[in-house]
Amino acid sequence: MANSRKRIKRALTVVIVLSLSAVAWTFFEFQGNRQKLENAIPKMASKAVMALSRVSQTATKDGAVQWKMEAAGAELEADTGRMILQSPEVHFFMEDGTKVHLTARQGILNTRSNDMEVQGDVSLRNDRYTLTTETLIYNHDNRILRADKPVDIAGGVLQLHASDMVYDLKANQARFGGRVKGTLNDNFAL
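Source: prediction; values computed, not measured.

Caption draft 1: Up close: the pattern of salt bridges. Under the counting rule described, the total for this entry stands at 5 salt bridges. With a closest N to O distance of 3.9 Å, R105 and E134 form a salt bridge. A residue pair is termed long-range when its members are at least 10 positions apart, and R105 in the loop between strand 5 (99-103) and strand 6 (106-110) and E134 in strand 8 (residues 130-139) qualify at 29 residues. Given a relative accessible area of 39%, E134 falls into the partly exposed group.

Structure follows, in structure tokens:
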């Protein structure tokens, strides 16, 4: 009887120690993941009054849809009108009926002006070309996309690298600046 009590006490002690270890490990793992999440979201979001998951927004001008945006999550700052976006995806609608698709890791939408800035693995593509960069700024009133950091464009027979770019969505024209280098595939035919 005394031996069975000792075994039960030892077994309970082992279970308690293992349980406490599991709780401690879970706590530290959670803290590490929380720290990674906090570092991923800009410090600007500290003034957020609302956190949302799966956000959608559509911007129109003179009755025409200019763009539709979806994001995995967002935090809204009421005093500034900024929405801090996680994994935004934006479809810009062109006047000729085509679309330009934008993705990024994070972004900021000014809900008052519909201006945006996205950053991190930025990809902008249409039916012919794909542009990649680290940061892209959108001015809604002028329908201009601007990259002040290097851009790479690939599509079909063309590869291009430039120090910066301005893309006028109204005219569907891009202007590249700085050190511009390009390559045409030797299968190119006029």
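That shown, we press on.
Caption draft 2: How the structure looks around the layout of surface pockets. Computed from the structure, the largest pocket encloses a volume of approximately 410 Å³. Taken together, the elements giving at least two residues each to the lining of the largest pocket come down to strand 5, strand 7 (116-125), strand 11 (158-162), strand 12 (164-168) and strand 13 (173-177). Here the element with the most residues in the lining of the largest pocket is strand 13; it accounts for 3 residues. Classifying every residue of the lining of the largest pocket by side-chain character gives 12 nonpolar, 4 polar and 5 charged.

Caption draft 3: Here's a closer look at the nonpolar core. The biggest cluster of nonpolar side chains holds 32 residues, and the ones touching the most others in it are W67, F92 and L136. For this core, the element with the most residues is strand 2 (residues 64-77), which contributes 5 residues. Look past the residues within four positions of W67 in its chain and what remains in contact with it is Q57, T58, A59, V90, H91, F92, F93, L109, N114, M116, Y138 and H140.

Caption draft 4: Summary view of the pairing of strand 8. With 8 bridges connecting them, strand 7 and strand 8 associate as antiparallel partners. Bridging across to strand 8, R125 finds its partner in T130. Bridging between strand 8 and strand 10 (residues 151-155) involves 3 bridges; their strand directions are antiparallel. Considered in strand 10, the bridge of T130 is made with A154.

About the thresholds
- Residues numbered from 1 in each chain as written.
- Predicted model: local features only at pLDDT ≥ 70, side-chain atom pairs only at ≥ 80, totals over all residues.
- Heavy atoms only, no water.
- Salt bridge = Lys/Arg side-chain N within 4 Å of Asp/Glu carboxyl O.
- Helix = DSSP H or I, 4+ residues; strand = E, 2+ residues; numbered from the N terminus.
- Buried < 20%, exposed > 50% of the residue type's maximum accessible area, 1.4 Å probe, protein only.
- 1 Å grid on protein atoms, 1.4 Å probe; cavity = no way out; pocket = protein on both sides within 12 Å on 5 of 7 lines; lining within 4 Å.
- Points joined across faces, edges and corners; volume = space filled by probe spheres on them.
- Nonpolar A, V, L, I, M, F, W, Y, C, P; charged D, E, K, R; others polar.
- Core = buried A, V, L, I, M, F, W, Y, C linked by side-chain atoms within 4.5 Å.
- Contact = heavy atoms within 4.5 Å.
- Pairing = 2+ DSSP bridges.

Just distances and angles here, no functional claims.
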